Every structure is written in C-alpha cells, then in structure tokens.
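Observations on the three-dimensional arrangement
Chain residues, written in single-letter form:
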Amino acid sequence: KPCRTNWKQPSEFISPCKSEELDYLAACADYLIGRVVALGGDADFQIGEPWWWDNSYIVDGAPCFYDPATIAAYTAETGLSVPTPYLTRTSSDFSAPAQSAFVHWLSDKLGDSTLYIRDAVKALQPSVKTMILVFTPQVFSRPMLEIVNLPVAHWAHPAFDILQIEDYDWVIAALW
C-alpha cells in the first residue's frame, strides 16, 4: 500500500507503536545483514536516528505524537485517553501530570521499539554487533524532545554494543 514517509507528518509508514512495521524493519535488516555476512562482511546493525519527529526542520516544531497507532496504543496500555489539549509545539508546557505521563510514555515506546528491533535482528543474526545512533542537535533542542527521544533507561549499557553520536549541525555551526 502506498505510504508517506517521515518527511510528511505524521508518518504513516513507521511508528514505534506498530509492531508490524517494526517487524518489517527487522526483516529488512536480517536480509541485508545476511547478504553482507554471506559475502564475508561483519554483522553490524545500526538503529539510526530513531525519534519522534518534531517538524522543526520542515514546518513549525509541532510534535508528531498523535498518529492513530500511538493514540490507540496509549489508550490500550494505560486505560487513559491521550491528554488534551494536544501539545502543539515541542516548546509547549507539558508539566501537567497527564501531559508529563504521556511524554514519558512516548519515551518508553521509543525505547521499547528500538529494543524490539534489536532483539528481532539478534534472534535472526546472533553474531550481530548492534549500534544506536543519537542525533544530539534534535534530542537536546527542547526538554520535551530530550525525554521522548533519549530513552536512557532502554539504551543504557549493555543494551547496545556501540552508542553513536551524530552532531554535524553543531559542528557546522561551530557550536562546540
């Protein structure tokens, strides 16, 4: 079926809340890693730039948390409705208990989804070396994004063999 990518929000292709899409990613990784290994290469697998998109690079910084799969998963897992009013900017105040709980749940979903993919790939390719890539200019641009896009408890050692940091925006701007 045709789909939209993360460059037109919200994504209708990959969501941390859709296991069939995570299974698709794991199957692609298994195939590609299998091909590399068959050709004599090393079994390396990077989960690169996993995040909840925020539209800061495209439009207005509106968080992309409100796709149907995420709303349904939140309700199913917590028994609560997604809090309203919706957070319309990543700079929005999320200090209300319901909003804070939702933001932290989003972090857990991202962490869970990356571990799900990691585990699926390792089950198919046991010798794989796993890596997680963090794009720090996005993660550290707002307190909300640091919570939702840096699930430290999920990514702490020894969850992944290698932590990769990408910060080219800061390097280009000489923001040392």
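I will try to describe carefully the structure that is included in this document. One numbering rule holds for all chains: residues counted from 1, following each sequence as written. Local features in a predicted model are, by the rule used here, given only for residues with pLDDT of at least 70; side-chain atom pairs are given and counted only at 80 or more, and totals for whole chains, interfaces and linings are based on all residues. Derived side-chain values reflect all non-hydrogen atoms in the structure, with water molecules and hydrogen atoms excluded from consideration.

**Let's talk about empty space enclosed by the protein**
In this approach the atoms are scanned with a rolling probe the size of a water molecule, which exposes any empty space left behind. Lining residues are those with an atom within 4 Å of a point, where the points come from a 1 Å grid over the protein atoms alone and group into cavities, where a 1.4 Å probe fits but cannot get out, or pockets, open sets with protein on both sides within 12 Å along at least five of seven lines. Grid points are joined across faces, edges and corners, and a volume is the space filled by probe spheres set on the points. Inspection of every chain in the model, using the stated rule, returns one cavity of 30 Å³ or more. Forming the walls of the largest cavity are E49, P50, W51, L133, V134, F135, V139, N149 and W155. Classes in brief: Ala, Val, Leu, Ile, Met, Phe, Trp, Tyr, Cys and Pro nonpolar; Asp, Glu, Lys and Arg charged; the others, Gly included, polar. Taken together, the residues of the lining of the largest cavity break down into seven nonpolar, one polar and one charged.

**With respect to the nonpolar core**
Soluble globular proteins tend to pack their nonpolar side chains together in the buried interior. Among buried residues, those of type Ala, Val, Leu, Ile, Met, Phe, Trp, Tyr and Cys that are joined through side-chain atoms within 4.5 Å constitute a nonpolar core. Burial classification: accessible surface area is computed with a 1.4 Å probe over protein chains only, and a residue below 20% of its type maximum counts as buried, one above 50% as exposed, and the rest as partly exposed. Ranked by internal contacts, the top residues of the largest apolar core, which has 36 residues, are F45, F65, F102 and V121. Sorting the residues of this core by element identifies α1 (19-38), β1 (44-48), α2 (68-78), α3 (97-124), β2 (129-135) and α5 (143-149) as the ones contributing at least two each. Secondary structure follows DSSP: runs of H or I at least 4 residues long count as helices, runs of E at least 2 residues long count as strands, and numbering of each begins at the N terminus. Per-element tally for this core: the top contributor is α3, with eight residues. If we ignore the near neighbours within four places in the chain, the residues touching F65 are W52, T70, L87, F102, L106, M144 and V148. Contacts: residue pairs with any heavy atoms within 4.5 Å of one another.

**Notes on the packing of aromatic side chains**
Describing an aromatic ring pair means giving the distance of the ring centres and the angle of the ring planes. Pairing of aromatic rings covers Phe, Tyr and Trp, the last counted by its six-membered ring, and requires centre-to-centre distances within 6.5 Å; plane angles under 30 degrees mean stacked, over 60 mean edge-to-face, and any other angle means tilted. A full pass over the atoms with the stated rule returns ten aromatic pairs. Geometrically, the ring pair formed by F65 and F102 is edge-to-face, given 6.3 Å between the ring centres and 70° between the ring planes. One end of the pair, F65, is in the loop between β1 and α2; the other, F102, is in helix α3, and 37 residues separate them in sequence. Among the residues examined, F65 registers a relative accessible area of 0% and is labelled buried. When its relative accessible area of 0% is taken as the criterion, F102 is described as buried. With 5.8 Å between their ring centres and 20° between their planes, Y66 and F102 make a pair best called stacked. With Y66 in the loop between β1 and α2 and F102 in helix α3, this residue pair connects regions lying 36 residues apart in the sequence.

**Notes on the pairing of β2**
Counting buried residues along β2, six of its seven residues qualify, which places the element largely inside the surrounding structure. Strand pairing follows a simple DSSP-based rule, namely that at least 2 bridges must link the two strands. As paired strands, β2 and strand β3 (residues 162-166) are joined by five bridges and run parallel to one another. Note on β3: the bridge partner recorded for F135 is E166.

**Describing the packing of α1 against α3**
Running from N to C, α1 and α3 cross one another at 40°; their axes reach a closest spacing of 9 Å. It follows that α1 is oblique to α3 by the angle criterion. Where α1 crosses over α3, the handedness of that crossing is right-handed. Facing S19, L22, D23, L25, A26, A29, D30 and I33 of α1, the residues of α3 in contact are S113, Y116, I117, A120, V121 and L124. Residues of the contact of α1 with α3, tallied by class, amount to ten nonpolar, two polar and two charged. Convention adopted: a line fitted to C-alpha atoms gives each axis, helices being fitted over their contacting stretch, and angles between N-to-C directions are expressed from 0 to 180 degrees. Note on angle classes: values under 35 degrees are labelled roughly parallel, values over 145 roughly antiparallel, values of 65 to 115 roughly perpendicular, and the remainder oblique. We call a crossing left-handed when the near helix sits turned anticlockwise from the far one by less than a right angle, and right-handed when that turn is clockwise.

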